[in-house]
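# Remarks on the overall topology
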Number of protein chains: 2
Amino acid sequence: MPTQLQYAISGEITPEMKAVANHEKVDEQWLCQEIAQGRIVIPKNTNHHFEPRAIGAGLTTKINANLGTSEKHCNLKEELEKMYIAVKHGADAIMDLSTGGDLKKILQTILKTSPVMVGTVPIYSVATRLLTDEKNVAQLDPEELFREIEFQAEAGVDFMTLHCGVTRSTVSFMQKDERVCGIVSRGGAIIKRWMAENNAENPLYEQYGRILDICEKYDVTISLGDGLRPGAGADATDRGQIAELLVLGELVDRARKRGVQVMVEGPGHMPFDQIETNMRLMKRVCHEAPFYVLGPLTTDIAPGYDHITGAIGGTVAAIHGADFLCYVTPAEHLCLPNAGDVRNGVIASKIAAHSADLVNKIPGVAEKDFSMSKARRDLDWETMYNQALDPEMARKRKKESESHDEDHCSMCGNLCAVKNDKETATINY
Amino acid sequence: MPTQLQYAISGEITPEMKAVANHEKVDEQWLCQEIAQGRIVIPKNTNHHFEPRAIGAGLTTKINANLGTSEKHCNLKEELEKMYIAVKHGADAIMDLSTGGDLKKILQTILKTSPVMVGTVPIYSVATRLLTDEKNVAQLDPEELFREIEFQAEAGVDFMTLHCGVTRSTVSFMQKDERVCGIVSRGGAIIKRWMAENNAENPLYEQYGRILDICEKYDVTISLGDGLRPGAGADATDRGQIAELLVLGELVDRARKRGVQVMVEGPGHMPFDQIETNMRLMKRVCHEAPFYVLGPLTTDIAPGYDHITGAIGGTVAAIHGADFLCYVTPAEHLCLPNAGDVRNGVIASKIAAHSADLVNKIPGVAEKDFSMSKARRDLDWETMYNQALDPEMARKRKKESESHDEDHCSMCGNLCAVKNDKETATINY
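Now for a look at the structure at hand. (Residues numbered from 1 in each chain as written. Chains lettered and ligands numbered in written order. Predicted model: local features only at pLDDT ≥ 70, side-chain atom pairs only at ≥ 80, totals over all residues. Heavy atoms only, no water.)

## Quick notes on the pattern of salt bridges
All names here are of chain A.
- Taken as a whole, this structure holds 58 salt bridges over all chains when the rule is applied.
- The partner of Arg-129 in a salt bridge is Glu-144, with the nearest N and O atoms 3.1 Å apart. Remark: Glu-144 occurs in helix α7 (residues 142-155) and Arg-129 occurs in helix α6 (residues 122-132); sequence separation between them is 15 residues.
- A relative accessible area of 29% means that Arg-129 is categorised as partly exposed.
- Glu-144 sits in the partly exposed class, given a relative accessible area of 22%.
- Salt bridges here are not isolated pairs; linked through shared partners, they connect Lys-88, Arg-343, Asp-390 and Glu-392. (Salt bridge = Lys/Arg side-chain N within 4 Å of Asp/Glu carboxyl O. Helix = DSSP H or I, 4+ residues; strand = E, 2+ residues; numbered from the N terminus. Buried < 20%, exposed > 50% of the residue type's maximum accessible area, 1.4 Å probe, protein only.)

Put into structure tokens, the structure is as follows:
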């Protein structure tokens, strides 16, 4: 069965493209052409059934929520509850990053129940098994990693993060630029350690053709991981990061030639004024592939509140080229997120995505703000709640206040500016 | 007694300037010259005693937290507790916006106990008394307003928001541009209503000289209120907003000529891509006066989370000219903030201020991020907590997790990238 990219190249509009065009209110022909050029992807495994969404330029900015058990905290029911919360608050995708418990069962359950696309990082499963067997990640058998990729592809995973750009060459660029914080990507650190101890090249790079074989077969979208992304503002845009990006650009071309859908992952920790440059550089060297960013976080000193630093960086990133924002939760850098963190992380990312979509004049986006503003003028609270990103929260705060049954709020009371203004005649001048 | 501006013009370095220069790690002579030019202000009433801070270009971005009772929620003890929380988390200023209870006693208590500068909006007190007497704000007696300004100045208020730019002319520009949300400033709405019903000009504009007399006497810094600020993204940068800004520019000149310190207030609700333009325009037409912004909020649809929309807008504002950020709390648009909202609002504003200060290369700012990043590399949790904007929160999240006594966190466990990377040899290439 052809991939969405192969269908698009042959000019055939698939049911998935129709569904996306309808959802995004864009023209089917235009969408098909953008997919054919690789500027838009529809991550949807041929073995996975759900309402598809697309990621790329000209569409609303999408949001991903990371879920999954960890070695120390392993409860499938809790992860499914987080998935429900993430999707309810607007996540367009979830990633199962489980590293604790029965990984196959967890993934299969998530694939069966998720109403949105599902991504994974296959090397996590292989590394988890090694640690369980008290082995070192350098003992990873590349054949097992390829088997895991194939297993997950057959199971229905829609997109996979694969750290193909962490090579002996790109790591060497990073080493010579003297980073403050080294590698902060789990996958990137595993690959580097494996290369160092086995004195060999990254198998995901050397045997990229095998990845393409598997991904073409099941229409898995490759998400080229940025294993050398900066984990400190001071490390942003260094030679290691950019060296990896150049390799990812080449791998984008190879995937497209094979008919495999592909997107590219980006930083990370990054001062505000470097974000636009990074987005433009990435879009250029990766030939306008959809860009999936982790943050970026505009300062390093806000653990406990990194959903906010992520929303600041995510907004400017999405204005200048990022198409897909991986949420950051308040738990980032500290612990595994709980259900409340998931909600706060998704909402913060939605604020960033929406703030950017307003600037990028994505069809249908400004109407929500306009409707909210009219409701504010009219003191029409029901419409305000309904137009809010989190209607429950907006309603709860008003209802629990002293002004729960009034047309004004408990901050301004009868000094309400909107009320006063409504009662005022026009001034002639 | 001369004002800080008058001292600076005569080249005299005051103890206040010395304290500020020491705190900001800047040169005293440079600071004195900037104050003389009006680009920096030290809001400190001659009757108010506390450690002064300065606001303006070349210094760290400052944060204000609004406090105060309301008609519906009136508890002085609670407001003092909020003040304590705001200052503890980094507020450089607080504003007492009380509109409920014994307003004089509340203000005097706050002035006596606040360790940071205190601002007010005097028209709130006068309007509150009118409503208490079941009168309409159009019945406001201008003489009573000037008496209130004088009373508050003598009591020790350091800066006052005065809506001098809401004139018959500027309101008429606003009316003809057909706003979605009209006036959202309480002070602005009161002035407009007063002008309409009395068929007269704004007394704060017409009798601006009397304000200068009072403010010069006690060295009160005027904060020229933006009564016509946009309250909807759709209204941003409209003719009414800009007409008022031009008037405020003229009033800046008049204050400086009189030796009165002055800053200018700005929006409000504003799409991300209009913020830079607004900051640059304001700095030009107001001759580089310090700029005090309320947000800006980059979308209208996030009630319950507007500390985040405010942090996004505040960052880009502070990068391009804003010097003073009025915090926005999660309660904005819904109810009076509680203690938790105050904490979240202050931290979100600090994230914005710090993210901007990093870009603007303010002395001493990047060191905090560098120190945090080094601590992350070393898995040195105590230093990470100490360098965090909210050390208590960072410590609490880690300590309550399953990995409370481990060097890694409960998200990555033994797959921790930093740990793995530290144990990996250099790759030769």
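Here the narrative resumes, following the displayed structure.
## Things to note about the pairing of strand β6 (residues 159-162) of chain B
All names here are of chain B.
- Side chains Phe-159 and Thr-161 of β6 all project onto a buried face; the interleaved residues Met-160 and Leu-162 project onto the opposite face, where all are buried too.
- Examined bridge by bridge, strand β5 (residues 117-120) and β6 share two bridges and lie parallel to one another. Among the inter-strand pairings, Thr-120 is bridged to a residue of β6, identified as Met-160.
- Pairing analysis gives four bridges linking β6 to strand β7 (residues 221-224), with the strands arranged parallel. Each bridged residue has a counterpart across the sheet, and for Met-160 the counterpart in β7 is Ile-222. (Pairing = 2+ DSSP bridges.)

## Comments concerning the interface of chain B and chain A
- Opposite the 110 residues of chain B that make contact, chain A presents 110 residues.
- Summing both partners gives a buried area of about 9,400 Å² for chain B against chain A, and 62% of it is carried by carbon and sulfur.
- The interface formed by chain B and chain A contains eight salt bridges.
- Between Glu-423 of chain A and Arg-193 of chain B there is a salt bridge, with its nearest N and O atoms 2.9 Å apart.
- On the surface where chain B and chain A come into contact, there are 42 residue pairs in polar contact (both at pLDDT 80 or more). (Contact = heavy atoms within 4.5 Å. Buried area = accessible area lost by both parts, 1.4 Å probe. Polar contact = N/O pair within 3.5 Å; in protein donor to acceptor, adjacent residues only side chain to side chain.)

## With respect to the side chain of Glu-201 of chain A
Residue and element names in this part refer to chain A.
- The topology assignment puts Glu-201 in the loop between α9 (186-198) and α10 (203-206).
- Within the buried set, Glu-201 has no salt-bridge partner at all; the shortest N-O distance to an opposite charge, 5.6 Å, is to Arg-168.
- Within the structure, the side chain of Glu-201 is placed 3.2 Å from the backbone nitrogen of Arg-168, a separation counted as a polar contact.
- The residues contacting Glu-201, other than those within four sequence positions of it, are Thr-167, Arg-168, Trp-194, Met-195 and Glu-206. (Lys, Arg positive; Asp, Glu negative; His and termini not counted.)

## Structural notes on the packing of aromatic side chains
- One pass over the structure, following the stated rule, counts nine aromatic pairs over all chains.
- Both rings, one in Tyr-292 of chain A and one in Phe-324 of chain A, keep their centres 4.2 Å apart while their planes meet at 25 degrees; by these two values the pair is stacked. On the criterion of sequence distance, the pair formed by Tyr-292 of chain A in strand β9 (residues 291-294) and Phe-324 of chain A in strand β10 (residues 324-326) is long-range, its members being 32 residues apart. The two residues Tyr-292 of chain A and Phe-324 of chain A agree in class, both being buried.
- Ring geometry for Trp-381 of chain A and Tyr-385 of chain A: centres 6.1 Å apart, planes at 45 degrees, overall tilted. Here Trp-381 of chain A and its partner Tyr-385 of chain A are both found in helix α17 (residues 381-387), four residues apart, which amounts to about one turn of the helix. This pair shows no difference in class: Trp-381 of chain A is buried, exactly as Tyr-385 of chain A is.
- An aromatic cluster of three or more residues is present, and its members are Phe-159, Tyr-292 and Phe-324 of chain A.
- We note Arg-210 of chain A situated over the ring of Phe-146 of chain A; from NZ or CZ to the ring centre the distance is 4.2 Å.
- The side chain of Lys-398 of chain B reaches across the aromatic face of Trp-381 of chain B, ending 4.4 Å from its centre. (Phe/Tyr/Trp six-rings, centres within 6.5 Å; stacked < 30°, edge-to-face > 60°. Lys NZ or Arg CZ within 6 Å of the ring centre and 35° of its normal.)

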